[in-house]
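Structural characterization, general
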Amino acid sequence: MPTSKMVQEYSGLYVQPHKPIVGANCFVHESGIHQDGILKNRSTYEILSPEDIGVTKSQNSGIVLGKLSGRRALKDRLKELGYEIGDEKFNDIFSRFKDLTKQKKRITDTDLKTLVV
């Protein structure tokens, strides 16, 4: 990754976000099944560790919440934010989350906090 960034800097040519290994979206997961796999075991969908190529990522930083996200990723992110939510309330939040994904491409932590209140 550092070499790729250096080449970009000197050449003025930038790597496309979806480029394997060095693209900005290489370790980003929005699909529910991918998110579930990543949360259970990162190697399920990542044959390389981000750290092996010079990308510093936290355990769940590659999880992006959007229209393809499932319950597991949402519940995990809410837990990271400090919310322990019962099943009935979670069902309501998930329903409103899905409605919000029809209006916004990416759901932020601020959006989630609003959904919980």
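Residues numbered from 1 in each chain as written. Predicted model: local features only at pLDDT ≥ 70, side-chain atom pairs only at ≥ 80, totals over all residues. Heavy atoms only, no water.

In terms of helices and strands, the protein chain carries five helices and zero strands. Listing every helix and strand of the protein chain by position from the N terminus yields α-α-α-α-α. Along the first, second and third principal axes, the C-alpha atoms of the protein chain reach 55 × 30 × 20 Å. Evaluated residue by residue, the protein chain yields a buried proportion of 35% over its 117 residues. Counting 19 positive and 15 negative side-chain charges, the protein chain places the centres of these two groups 4 Å from one another. (Helix = DSSP H or I, 4+ residues; strand = E, 2+ residues; numbered from the N terminus. Buried < 20%, exposed > 50% of the residue type's maximum accessible area, 1.4 Å probe, protein only. Lys, Arg positive; Asp, Glu negative; His and termini not counted. Charge placed at Lys NZ, Arg CZ, Asp CG, Glu CD.)

Across the protein chain, the average pLDDT comes to 88, with 96% of residues at or above 70. At the low end of the mean pLDDT range in the protein chain sits helix H2 (residues 32-40), at 88; at the high end sits helix H4 (residues 87-101), at 95. (pLDDT = per-residue confidence, 0-100.)

A word on unusual backbone geometry. You will see that isoleucine 21, though not glycine, has its phi angle at about 70 degrees, which is positive. For isoleucine 21, the location among the structural elements is in the loop between helix H1 (2-11) and H2.

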